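As a plain string of letters, each chain reads:
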Amino acid sequence: MLARLKADLGLAEILAALSFWRGGAVQRFESRFSEMVGQKHAIAFPYGRTGLVALLKVMGLEGREVICPAYTCVVVPHAIVTAGCTPVFVDSAEADFNMNLALLESAVSEKTGAVIITSIFGHPADLDAVRAFRVRFPHIKIIQDCAHSFLACWNGERVNVVGDAAFFGLNVSKIMTSVFGGMVSTDSDELNQKLHFLSSELLKPASRKKSLLRLAYLVSVVVAFNKVVYGLVNRLERSGFLDRFVKYYDESVVEMPSDYLISMTDVEARVGLVQCKKYEKIVAHRRQLAGIYHRELRSVSFVRLPQLLEGSTCSHFVIRTKYAVEIISYMLEHGVQLGELIDYQIPSMSSYTDASFLDGGVSKHWPGQVINLPVHMGCSIKDAERLCYLLKNIKVE
Ligand SMILES: *Cc1c(COP(=O)(O)O)cnc(C)c1O
């Protein structure tokens, strides 16, 4: 069974996680991470979303509006609400899944405190447009959501550096991972100082028990994604048996995980340090597979391919099609698991229907029509080519 998402975790990470005698790993991970993303400071958090909550708080934005994309991970508006702010949604652009920056200005009000710029699926946000916005509205904070876009570049420039701060998600579904975990990066000494102070006030230190649970989780992920085991897990998932465990959000509630205020463990930081070394290789592989999909699938009439930009991390390769259901089930019969990655538009979810939304009529068509093709290290060039062969030969029309 070829899995649709897979973290590149193995023995090296398990051994690093077990190296309990190597203390101070969180600080080491922070300084390695800040070097990697080319910013002065990096501060570790238990989740990317915790980093966003902390940022909004230290920026003093409680009670203000925060603009974010209508099509993004639902944890982003949850974090905005948790920080005491009000999310305002802006629709996405047809071309690249990113927020339509031409609509952004119309979403600004006197209450706007910040805007979250997301390079979704690793496709870099247009930094020229972001800079133009900054010039027009210098008092509005700019936060880069880099959960899919560590080191993504727009015309050679890293997306994370343009704005006041960036945050990163590091769970097992991301390009690189520290099991769970997140980071905030910034060049501002003041923000850095405030974030450290807030962290010491807000976050509880990780207990020994949390470290052991994270270690157990790491081992179970490595085992579950073994090709043989994964086939079994997938059958269980399809039977509905795993719904209780794998369905990760409930439309009608805005909530954070129960441990979102408990610090990142050293176990996670040691895993993150191993992953930093692998990062370039992982991205090169993703870009190579994306290139293959682009070349091979160009002729398939019922599939719309994403734009391929040089600076993209190719975190996810997402196609659009009217035949998502047919394609997913056909591929599954042939041992290839596909699925929808973000299968919702946030302003149409019941917890956000009352929120203000600048609707361009674009992203509402995406739920049910997007499929992500595997680009992870467990998908070889041969696997990708076979997938293209299968996809080209499906009779849907
Ligand atoms: C994963 C993700 C985040 C943050 O995720 P956490 O699980 O809180 O670490 C933020 N934005 C996007 C677009 C994401 O995919």
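Student: Can you walk me through the site of the ligand in this structure?
Tutor: Near the ligand there are 15 residues, and of these Gly-48, Arg-49, Asp-145, His-148 and Lys-174 occur at the shortest range. Contact distances for the ligand include 2.7 Å between an oxygen atom and a side-chain N or O atom of Lys-174. Isolated, the ligand exposes 390 Å² of accessible area, and the fraction of that covered by the protein chains is 96%. Listed by contribution, the elements that provide at least two residues to the shell around the ligand are helix H3 (48–58), helix H4 (75–82) and strand E8 (165–169).

Student: When you look at empty space enclosed by the protein in this model, what are you seeing that I'm missing?
Tutor: Counted according to the given criterion, the structure contains three cavities of 30 Å³ or more. Volume-wise, the largest cavity comes out at about 160 Å³. In terms of lining, the largest cavity is formed by 22 residues, of which the most central are Lys-6, Ser-173, Lys-174, Arg-286 and His-376. Where the lining of the largest cavity is concerned, the elements lending two or more residues are helix H11 (266–297) and strand E12 (370–373).

Student: Just checking my understanding: could you explain unusual backbone geometry for this structure?
Tutor: What is expected of a backbone is that most residues other than glycine have negative phi and most peptide bonds are trans. Despite not being glycine, Leu-151 has its phi angle at roughly 70 degrees, a positive value. Structurally, Leu-151 can be placed in the loop between strand E5 (141–145) and strand E6 (153–154). Note on Leu-151: relative accessible area 12%, which makes it buried. In this structure, Asn-155 is a non-glycine residue whose phi angle is positive, near 45 degrees. Positionally, Asn-155 belongs in the loop between E6 and strand E7 (157–158).

Student: Would you mind going over the sheet that holds strand E9 (residues 182–186) with me for this structure?
Tutor: Working definition: the strands of a sheet are paired by backbone hydrogen bonds and lie parallel or antiparallel to each other. Spatially, E1-E9-E8-E5-E4-E2-E3-E11 is the arrangement adopted by the eight strands of the open sheet, whose pairing is mixed. Pairing within the sheet leaves two strands with one partner each, and these edge strands are strand E1 (41–45) and strand E11 (356–358). Taking the axes of each pair of neighbouring strands and ignoring which way they run, one obtains an average angle of 25 degrees across the sheet. Relative to E9, E8 runs antiparallel, the two being bridged by four bridges. Residue Ala-166 lies in a different strand from E9, and its bridge partner there is Ser-185. Its contacts with the sheet put H3 on E1, strand E2 (65–69), strand E4 (112–118), E5, E8 and E9, and the angle it makes with E8 is roughly 160 degrees. The strands touched by helix H7 (residues 189–202) within the sheet are E1, E8 and E9, with E1 carrying the most contacts at an inclination of about 20 degrees.

Student: What is the right way to look at the layout of surface pockets in this model?
Tutor: To find leftover empty space, a probe the size of one water molecule is rolled over the atoms. Volume-wise, the second largest pocket comes out at about 260 Å³. Around the second largest pocket sit 14 residues that line it, and Val-26, Gln-27, Glu-30, Ala-44 and Ser-263 are the ones nearest its centre. Elements with a minimum of two residues in the lining of the second largest pocket: helix H2 (25–37), E1 and H7. Taken together, the residues of the lining of the second largest pocket break down into seven nonpolar, five polar and two charged.

Student: I tried to follow the packing of helix H1 (residues 11–18) against helix H8 (residues 208–224) on my own but got confused; where do I start?
Tutor: The packing of two helices is summarised by the inter-axis angle and the distance between the axes. Following both chains from N to C, one finds H1 and H8 inclined at 170 degrees, their axes separated by 10 Å at the closest point. It follows that H1 is roughly antiparallel to H8 by the angle criterion. Judged by residue contacts, Glu-13, Ile-14, Ala-17 and Leu-18 of H1 engage Leu-215, Leu-218, Val-219 and Val-222 from H8.

Student: Teacher, can you tell me more about the packing of H3 against H7 here?
Tutor: Running from N to C, H3 and H7 cross one another at 115 degrees; their axes reach a closest spacing of 10 Å. By the angle class used here, H3 and H7 are roughly perpendicular. In terms of crossing hand, the pair formed by H3 and H7 is right-handed. Every residue of H7 that contacts H3 at Ala-54, Leu-55, Lys-57 and Val-58 is listed here: Leu-191, Lys-194, Leu-195 and Leu-198. The class makeup of the residues in the contact of H3 with H7 is six nonpolar, no polar and two charged.

Student: How should the pattern of salt bridges be read in this particular structure?
Tutor: In a structure, side chains of opposite charge can pair up when their charged atoms sit close to one another. In the structure shown here, the tally under the stated rule is twelve salt bridges. Between Glu-94 and Arg-320 there is a salt bridge, and its shortest N-O distance comes to 2.5 Å. Of this pair, Glu-94 sits in the loop between strand E3 (86–90) and helix H5 (101–104) while Arg-320 is found in strand E10 (residues 317–320), placing the two residues 226 residues apart along the sequence. The exposure class assigned to Glu-94 is partly exposed, which follows from its relative accessible area of 36%.

Student: Looking at this structure, how should I read the nonpolar core?
Tutor: Among soluble globular proteins, nonpolar side chains are generally buried collectively. In terms of nonpolar packing, the biggest core is built from 59 residues, with Leu-52, Leu-56, Ile-80, Ile-116 and Ile-143 touching the most fellow members. With six residues, H3 is the single largest residue contributor to this core. For Leu-52, the contacting residues outside a window of four places in its chain are Val-76, Ala-79, Ile-80, Ile-116, Ile-143 and Phe-167. Core analysis: the next-biggest nonpolar cluster, separate from the first, contains 44 residues, Phe-33, Ile-67, Ile-142 and Ile-282 among them.

Student: Got a minute to help me understand helix H13 (residues 381–392) in this structure?
Tutor: Think of an α-helix as 3.6 residues a turn; residues three or four steps apart then line up on the same face. In this model H13 runs 16 Å from its N-terminal to its C-terminal C-alpha over twelve residues, within 8% of the 16 Å that 1.5 Å per residue would give. Of all the positions in H13, only Ala-384, Leu-387, Cys-388, Leu-390 and Leu-391 are classed as buried. Down the axis, H13 shows its buried residues gathered within 165 degrees of arc, on one side only. Among the exposed residues of H13, those oriented more than 90 degrees off its buried face are Lys-382 and Tyr-389. On its buried side, H13 packs onto H11, E10, helix H12 (324–333) and E12.

About the cut-offs
- Residues numbered from 1 in each chain as written.
- Predicted model: local features only at pLDDT ≥ 70, side-chain atom pairs only at ≥ 80, totals over all residues.
- Heavy atoms only, no water.
- Near = heavy atom within 4 Å.
- Polar contact = N/O pair within 3.5 Å; in protein donor to acceptor, adjacent residues only side chain to side chain.
- Areas by Shrake-Rupley, 256 points an atom, 1.4 Å probe, with all protein chains shown as cover.
- Helix = DSSP H or I, 4+ residues; strand = E, 2+ residues; numbered from the N terminus.
- 1 Å grid on protein atoms, 1.4 Å probe; cavity = no way out; pocket = protein on both sides within 12 Å on 5 of 7 lines; lining within 4 Å.
- Points joined across faces, edges and corners; volume = space filled by probe spheres on them.
- Buried < 20%, exposed > 50% of the residue type's maximum accessible area, 1.4 Å probe, protein only.
- Pairing = 2+ DSSP bridges.
- Axes fitted to C-alpha atoms, helices over the stretch in contact; angles between N-to-C directions.
- Contact = heavy atoms within 4.5 Å.
- Nonpolar A, V, L, I, M, F, W, Y, C, P; charged D, E, K, R; others polar.
- Parallel < 35°, antiparallel > 145°, perpendicular 65-115°, else oblique.
- Left-handed = near helix turned anticlockwise from the far one by under 90°.
- Salt bridge = Lys/Arg side-chain N within 4 Å of Asp/Glu carboxyl O.
- Core = buried A, V, L, I, M, F, W, Y, C linked by side-chain atoms within 4.5 Å.
- Expected span 1.5 Å × (residues − 1).
- Arc of directions from axis to C-beta.

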